[in-house]
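Each chain is listed here by its residues.
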Amino acid sequence: MKKKIIVLTLFIIWSGVVFSSGLKIGINGSELKYQEDQQRKPNYTGQQVQDAVNAYRKELKLRELKTDDFLCNDIFDRYSKMLSGEALTTGHPGFEEWANMKLNKYNFSLVGEVFSPYPTVEEVLNGWKGSPGHNDAITKKEYSSVCTYAGEKGVVLVLGAK
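Residues numbered from 1 in each chain as written. Predicted model: local features only at pLDDT ≥ 70, side-chain atom pairs only at ≥ 80, totals over all residues. Heavy atoms only, no water.

Undergrad: Pulling in residues and values, what's your account of the pattern of salt bridges?
TA: Summed over the entire model, instances satisfying the criterion amount to five salt bridges. One salt bridge connects Glu64 with Lys66, and the closest N-O pair in it is separated by 3.5 Å. On the basis of relative accessibility, which here comes to 46%, the residue Glu64 falls in the partly exposed class. A salt bridge links Glu113 to Arg78, with the shortest nitrogen-to-oxygen separation between them at 2.7 Å. With Glu113 in strand S2 (residues 110-116) and Arg78 in helix H4 (residues 75-83), this pair connects stretches of sequence that are 35 residues apart. Each member of the pair, Glu113 together with Arg78, is buried. (Salt bridge = Lys/Arg side-chain N within 4 Å of Asp/Glu carboxyl O. Buried < 20%, exposed > 50% of the residue type's maximum accessible area, 1.4 Å probe, protein only. Helix = DSSP H or I, 4+ residues; strand = E, 2+ residues; numbered from the N terminus.)

Undergrad: Could you give an account of the state of the cysteines, with specific residues and numbers?
TA: What the rule picks out here adds up to one disulfide. Shown here is the disulfide that connects Cys72 with Cys147, its sulfur atoms set 2.0 Å apart. Here the disulfide of Cys72 and Cys147 is right-handed, its torsion about the S-S bond being about 115°. Highlighted residues: Cys72 in helix H3 (residues 69-72) and Cys147 in strand S3 (residues 145-151), separated in sequence by 75 residues. (Disulfide = S-S within 2.5 Å.)

Listed below in structure tokens is the structure:
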């Protein structure tokens, strides 16, 4: 009986140590994760990203992209779709439907979209430059129109040609 009480007492002490250590690790881990998330929030506006893309296009001797109201009228929806869980499996959820509407309703001949979760304009632009598909989108000579939306989790830039 004494042996059982000693074993039980040791188990309770051990459980308390494990629990309090785990709790402390969880709090520290959560605090660290929160700080990292806070540091990773974008520090730019959509206009700043658009200006950076236009500066890059200028270096390449391509025309400047001008903001287009028809591309902008549902830009937040495109941004939201890129943050959805569906984006992890389909890439650009709802893009085909959205693009077809822009092509048919607003007489665009070509539309495109790029997204980035990076927190600085430099990282956004470098990420797009370093990805052949994204680089092709932001440097396509046919594009003349643009709309950009930046939020707390990244930036979406939609492009159009008429």
